[in-house]
Amino acid sequence: MSEIGPEKIPLREGFWASATPESGPRLIGSRCTNCGEIYFPTKPKGWCVHCQQPTLENMLLSPRGRLAAVTLVRQPPAGGFYHGPVPYAYGMVDLSDGVRLVSQLYAEDLETLQAGQEAELVIRPLCEDEQGRQVITFMFTPVA
Ligand SMILES: [Zn+2]
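Worth saying up front: this structure is predicted, and the values here are computed from it rather than measured.

Trainee: Can you explain the packing of aromatic side chains? Please cite residues and give values.
Mentor: For the coordinates displayed, the defined rule picks out four aromatic pairs. Ring pairing ties together the aromatic residues Phe 15, Phe 40 and Phe 138, which thus form one cluster. Seen from the ring of Tyr 106, Arg 124 lies directly overhead, with NZ or CZ sitting 3.6 Å from the centre.

Here it is in structure tokens:
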């Protein structure tokens, strides 16, 4: 498989997988086989915080959910860790699996983002690294 354009690298390994070309990207979470609690991101040591058992296994999370909260950020955050465009949006997303996570949000017009919107997972460019590679990350975008 070859792609035209700059090399793409994930912001961090292990956040998502490309399950199949048909299903598209899916976030990787941890699910407790004892109590059913779901976590994102994964808990690498495999311990469930809810029931205190070493019974977590990785699962592919639902790519669909609902925006629970939306925040627009109009100034780059302090600390120099964020290299993407400003303004940007982030918020909380309730996946249909029952897990709530924090994610960057995407829309052509950020002002149209609202809590309550149905949203789906997309993998989008965030910025370029110092070697000219395109850094990509997961975001949620409203479903039309
Ligand atoms: Zn548990």
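Trainee: Which residues make up the coordination of the zinc ion, and what values go with them?
Mentor: At this site the zinc ion is bound by Cys 32 (SG), Cys 35 (SG), Cys 48 (SG) and Cys 51 (SG), with donor distances of 2.3 Å. Coordination at the zinc ion is tetrahedral, judged from the four donor atoms that bind it and the angles of 106 to 117° they form at the metal. Counting gaps between the donor residues of the zinc ion yields the pattern C-x2-C-x12-C-x2-C. Of this pair, Cys 35 sits in the loop between β3 (24–32) and β4 (38–39) while Cys 48 sits in the loop between β4 and β5 (56–60); the two residues are 13 residues apart in sequence, bridging distant segments of the chain. The exposure class of Cys 48 is buried, given its relative accessible area of 2%.

Trainee: Outline the UniProt feature "domain: ChsH2 C-terminal OB-fold" (unreviewed entry) in the protein, listing residues and values.
Mentor: The sites that UniProt annotates as "domain: ChsH2 C-terminal OB-fold" (unreviewed entry) are residues 61–124. As a span, residues 61–124 carries 0% helix and 48% strand, and end to end its C-alpha atoms are 18 Å apart.

Trainee: Requested: an account of the pairing of β3, with residues and values cited.
Mentor: A regular strand places its side chains so that they alternate between the two faces of the sheet. Relative to β5, β3 runs antiparallel, the two being bridged by five bridges. Paired with Arg 31 across the two strands is Glu 57, which belongs to β5. Linkage of β3 to β4, two consecutive antiparallel strands, is achieved through a turn of five residues, within which Gly 36 is found at a positive phi near 90°.

Trainee: Just give me the short version of the pattern of salt bridges, but keep the residues and values in it.
Mentor: Applying the stated rule across the entire model yields five salt bridges. Arg 31 is the partner of Glu 57 in a salt bridge, and the nearest nitrogen-oxygen pair spans 3.5 Å. In this pair, Glu 57 sits in strand β5 while Arg 31 sits in strand β3, placing the two residues 26 residues apart along the sequence. Given the relative accessible area of 29%, Arg 31 is considered partly exposed. The partner of Glu 111 in a salt bridge is Arg 74, and the shortest N-O contact between them spans 3.3 Å.

Trainee: Tell me about the nonpolar core, residues and numbers included.
Mentor: Grouped together as the largest cluster of nonpolar side chains are 22 residues, with contacts concentrated most on Leu 27, Leu 61, Phe 138 and Phe 140. At the level of secondary structure, the elements contributing two or more residues to this core comprise β7 (88–95), β8 (100–105), β9 (118–128) and β10 (134–142). For this core, the domains that each give at least three residues are domain 1 (13–61) and domain 2 (63–144). The contacts of Leu 61, once residues within four sequence positions are left out, are Arg 26, Leu 27, Ile 28, Gly 29, Ile 38, Phe 40, Leu 95, Asp 97 and Val 99. In terms of nonpolar packing, the next biggest core, distinct from the first, is built from nine residues, Ile 9, Val 73, Tyr 88 and Val 135 among them.

Basis of the calculations
- Residues numbered from 1 in each chain as written.
- Predicted model: local features only at pLDDT ≥ 70, side-chain atom pairs only at ≥ 80, totals over all residues.
- Heavy atoms only, no water.
- Phe/Tyr/Trp six-rings, centres within 6.5 Å; stacked < 30°, edge-to-face > 60°.
- Lys NZ or Arg CZ within 6 Å of the ring centre and 35° of its normal.
- Donors = N, O, S within 2.8 Å, 3.2 Å for Na, K, Ca; no water.
- Tetrahedral: all angles 85-135°; square planar, octahedral: opposite > 155°, others 65-115°.
- Helix = DSSP H or I, 4+ residues; strand = E, 2+ residues; numbered from the N terminus.
- Buried < 20%, exposed > 50% of the residue type's maximum accessible area, 1.4 Å probe, protein only.
- UniProt positions renumbered as here; feature names shortened; annotations may be inferred.
- Pairing = 2+ DSSP bridges.
- Salt bridge = Lys/Arg side-chain N within 4 Å of Asp/Glu carboxyl O.
- Core = buried A, V, L, I, M, F, W, Y, C linked by side-chain atoms within 4.5 Å.
- Domains from an automatic or database assignment.
- Contact = heavy atoms within 4.5 Å.

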